[in-house]
Amino acid sequence: MLIRTLKKTGTMIFRTIITQLKKNPGVRPLFVYICLGMGGAALYLIRLARGPHVIWNRTTNPEPWNKLDPTYQYKFGAVNMDYKKLKKEGPDF
């Protein structure tokens, strides 16, 4: 029952969006940019969730950041940093 109601609500929302896009062609670029922004934000969140500082399973690898190479690029975009010339600082764990 609940799934059927959710499906009906989802199709109603989709139909409303399509009819509004047909009635108002000036809204189409706004809709496209909003969808692109939401997609980019989702992809960036997925990228953040897969980073070395996030622990999803503590039993197999409790400290995954200790096993990274010192030349690993942590930042999304590094302007003036050459990660290949870095030396490891600190002990091995």
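Described in the following lines is the structure provided in the data block. These numbers were taken from a predicted model, which means no experiment stands behind them. (Residues numbered from 1 in each chain as written. Predicted model: local features only at pLDDT ≥ 70, side-chain atom pairs only at ≥ 80, totals over all residues. Heavy atoms only, no water.)

**Observations concerning the overall build of the protein**
Next, step 1: A tally of regular secondary structure across the protein gives 2 helices and 0 strands.
Next, step 2: Looking at the protein residue by residue over its 93 residues, the buried ones come to 5%.
Next, step 3: The contacts in the protein between residues at least 6 apart in sequence include a share of 14% that link residues at least 24 apart.
Next, step 4: As displayed, the protein has an accessible area near 8,800 Å², and 65% of this comes from carbon and sulfur atoms. (Helix = DSSP H or I, 4+ residues; strand = E, 2+ residues; numbered from the N terminus. Buried < 20%, exposed > 50% of the residue type's maximum accessible area, 1.4 Å probe, protein only. Contact = heavy atoms within 4.5 Å. Areas by Shrake-Rupley, 256 points an atom, 1.4 Å probe, with all protein chains shown as cover.)

**Side note on a nonpolar patch on the surface**
Next, step 1: A surface patch of nonpolar side chains, amounting to about 610 Å² of accessible area, comprises I13, I17, V27, L30, F31, I34 and M38.
Next, step 2: Looking at the nonpolar patch, the elements with two or more residues in it are α1 (2–23) and α2 (28–49).
Next, step 3: When residues of the nonpolar patch are assigned to their parent elements, the largest contribution, 4 residues, is made by α2.
Next, step 4: Here I34 shows up in helix α2.
Next, step 5: For I34, a relative accessible area of 43% puts it in the partly exposed group. (Patch = residues over 30% accessible without salt bridge, like charges linked within 9 Å, V, L, I, M, F, W, Y side chains within 5 Å. Salt bridge = Lys/Arg side-chain N within 4 Å of Asp/Glu carboxyl O.)

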